Amino acid sequence: MNFLKFTYVLPFLLLTASCGKDFLDVKRDKSQVIPGSIVDYQGVLDNFAIINERATVSLGLVGAAEYHLPDGVLKTWLSNIPYEVNGYLWEKEIFSGYESTDWNNAYQRILYANLALEVMDLKPSASEQNDWNNVAGGASFIRGYTYYQLAQLFCKPYDAQTAAADLGVPIKQERDVEEKVTRNTVEEVYQFIVADLKRAVELLPEKAKSRFRPNKATAATFLVRTLMQMGRYDQALAYATLAFEKENALIDYNTLDLGKLNPFGADYGVTNPELLYYAHINKPGSSYTGYNADASLLALYEPNDLRKKAFFQPIATDGRMEFKGSFSGAYNIFVGVSAGEVYLNYAECLIRNNRAADALPVLNKLRKNRFATFNYNPIQASDYSDLMEYVWKERRRELYFRGLTWEDYRRQNKEGKYTVTLKRNNNDKVYTLEPNDKRWTLPLPDNEIQIRGFIQNER
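Note that the coordinates shown come from a computational prediction; the quantities given were computed from them, not determined experimentally. (Residues numbered from 1 in each chain as written. Predicted model: local features only at pLDDT ≥ 70, side-chain atom pairs only at ≥ 80, totals over all residues. Heavy atoms only, no water.)

Student: Mind showing me how you'd approach the pairing of strand β9 (residues 422-426) here?
Tutor: Both faces of the sheet carry side chains from a regular strand, because those side chains alternate between them. The alternating pattern of β9 places L422, R424 and N426 on a buried face and K423 and N425 on a face that is not buried. Bridging between β9 and strand β10 (residues 429-433) involves five bridges; their strand directions are antiparallel. Paired with R424 across the bridge in β10 is Y431. Hairpin remark: β9 followed by β10, antiparallel, with two residues in the connecting loop; positive phi at N427, about 50°. (Buried < 20%, exposed > 50% of the residue type's maximum accessible area, 1.4 Å probe, protein only. Helix = DSSP H or I, 4+ residues; strand = E, 2+ residues; numbered from the N terminus. Pairing = 2+ DSSP bridges.)

Student: Explanation requested: the packing of helix α14 (residues 339-352) against helix α16 (residues 384-398) in the structure shown.
Tutor: Between two packed helices, the angle of one axis relative to the other and the distance separating the axes together describe the packing. It is at 10 Å that the axes of α14 and α16 come closest, and there the two elements cross at 165°. It follows that α14 is roughly antiparallel to α16 by the angle criterion. Relative to α16, α14 is oriented so that their crossing is left-handed. Taken together, the residues of α16 that come into contact with α14 (itself represented by G340, L344, N345, E348, I351 and R352) are Y384, L387, M388, V391, W392, E394, R395 and E398. Looking at the contact of α14 with α16, its residues break down into seven nonpolar, two polar and five charged. (Axes fitted to C-alpha atoms, helices over the stretch in contact; angles between N-to-C directions. Parallel < 35°, antiparallel > 145°, perpendicular 65-115°, else oblique. Left-handed = near helix turned anticlockwise from the far one by under 90°. Contact = heavy atoms within 4.5 Å. Nonpolar A, V, L, I, M, F, W, Y, C, P; charged D, E, K, R; others polar.)

Student: When you look at unusual backbone geometry in this model, what are you seeing that I'm missing?
Tutor: If a residue is not glycine, its phi is most likely negative; likewise, a peptide bond is most likely trans. Here the phi dihedral of S96 falls at roughly 50°; this positive angle occurs in a residue that is not glycine. Owing to a relative accessible area of 46%, S96 belongs among the partly exposed residues under this scheme. Its identity as a non-glycine residue notwithstanding, D428 has a phi of 65°, on the positive side. Structurally, D428 can be placed in the loop between β9 and β10.

Student: Sorry if this is basic, but what is going on with the packing of helix α8 (residues 129-154) against helix α10 (residues 216-229) here?
Tutor: For the pair α8 and α10, the least separation of the axes is 10 Å and the interaxial angle reads 30°. By the angle between their axes, α8 is roughly parallel relative to α10. Judged by the twist between their axes, the crossing of α8 over α10 is left-handed. Listed contacts from α10 to F141, Y145, Y148, Q149 and Q152 of α8 are T218, A219, F222, R225, T226 and Q229.

Student: Where do I start with the nonpolar core in this structure?
Tutor: Generally speaking, a soluble globular protein has its nonpolar side chains buried in company with each other. With 148 residues, the main nonpolar core has F141, Y147, L150, F154, V169, F312 and Y400 as its most contacted residues. In terms of residues, this core owes the most to one element, α8, which gives 13 residues. For F154, the contacting residues outside a window of four places in its chain are F95, S100, D102, W103, V169, R183, T441, L442, P443, L444, P445 and N457. (Core = buried A, V, L, I, M, F, W, Y, C linked by side-chain atoms within 4.5 Å.)

Student: When you look at empty space enclosed by the protein in this model, what are you seeing that I'm missing?
Tutor: In total, this model carries six cavities of 30 Å³ or more according to the counting rule given. Taken as a whole, the second largest cavity encloses approximately 70 Å³ of empty space. Along its surface, the second largest cavity is lined by Q42, L45, I51, N134, G138, I142, F212, R213, P214 and Y277. Of all the secondary-structure elements, those providing two or more residues to the lining of the second largest cavity are α2 (38-45) and α8. Residue contributions to the lining of the second largest cavity peak at three residues, all from α8. Here the lining of the second largest cavity is composed, by residue class, of six nonpolar, three polar and one charged. (1 Å grid on protein atoms, 1.4 Å probe; cavity = no way out; pocket = protein on both sides within 12 Å on 5 of 7 lines; lining within 4 Å. Points joined across faces, edges and corners; volume = space filled by probe spheres on them.)

Student: Mind showing me how you'd approach the pattern of salt bridges here?
Tutor: When the charged atoms of two side chains lie near each other, side chains of opposite charge can form a pair. In total, this model carries 27 salt bridges according to the counting rule given. As a salt-bridge pair, R307 and D305 come within 2.8 Å of each other at their nearest N and O atoms. For the pair formed by R307 and D305, the shared burial category is buried. The partner of R395 in a salt bridge is D408, with the nearest N and O atoms 2.8 Å apart. Here D408 lies in helix α17 (residues 405-415) and R395 lies in helix α16, a separation of 13 residues in the sequence. Through salt bridges that share partners, E274, D305, R307, R370, E394, R397 and E398 make up one connected network. (Salt bridge = Lys/Arg side-chain N within 4 Å of Asp/Glu carboxyl O.)

Next comes the structure, spelled out in structure tokens:
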């Protein structure tokens, strides 16, 4: 990969290379850095290690019960990464005095986005307009999607009746700030996300120069996620349609070497036609030993569904099933945007808007590219309930270990019809997370409570 490097933004990058206890309170003087052109600001957004590597989905990933670990593994890791094990078991206390990487990485990325948004103070020439649009749109996307991810962990699920009173996360719009930081409401956070992502859809190009930069369909997909969380499926359909019309290439899984460790390649998705936008996180530390995919998930795959072989490999010594199907390769977990999600979002929005007949061929096209050619049977369901049940299950099959299941479950539980109860066993104790339990919303990091005096989420 080739990434742009700019010596004039180096002081800024060094200053923000690590996150301290009072990260939200960091103040930057504009004299400390000298990005002043559109190219400079694009360089800020092209910092792969900050923008693409550290998505804010880690605790959702470990808490969604998509995999299980033996007792001994959890005991070992409890002393090393207690926040990960606590999140895995849905404990009341999560961070045990440690800082939250999900929180810190998010606000560092927001700081970069806010810096890049200073491009809006520049007046581009006609020849610079497209580049200006790309920076302003890209920074808006990064900030919007980061707040979306923060909301799925640290905010209550969106409820139109209570969102104006429910406490959300602090909204930061500038990097040079003297403002006092407070917790905005959930309503304010979601409205901010929607505004950022709508601006991104408007400004971003249809085709980005690389998979590490967002395009119009990528921003539209995150806007669809946001609007679906808000229950606004009528509005979501327009953006789901846009994304589907722009990005709908699928891999025929019959063409893959399913026996390979990395059937999708390990080139950061450069050769993967289904990958719209690249982002990853490190594999959860505790999952390196004893990982076993959830049995109820594995049972959802039909006998000729090639995804089971593409995504999982059996461990001969004990019969466990390990995940190998990340679009990032073996050890990084892809959490960006793929065509598979675009298909499922579009189909669901059609169903929600009473267009089940239009959704059926969308679902069957995705299905056809996932099943063995010699034994493919299209789904025939046309009833709303049957199709929605299929979509929920298909999201689990297609979007496994993408960081999306946690937020899907929150959405399901809020709606009430397809509720989810999660269970885990550890040292002869059964851990249960019931629908709409307060633990579906994580506590704010301990240091933010101590330093900023924020009100803590109820657990």
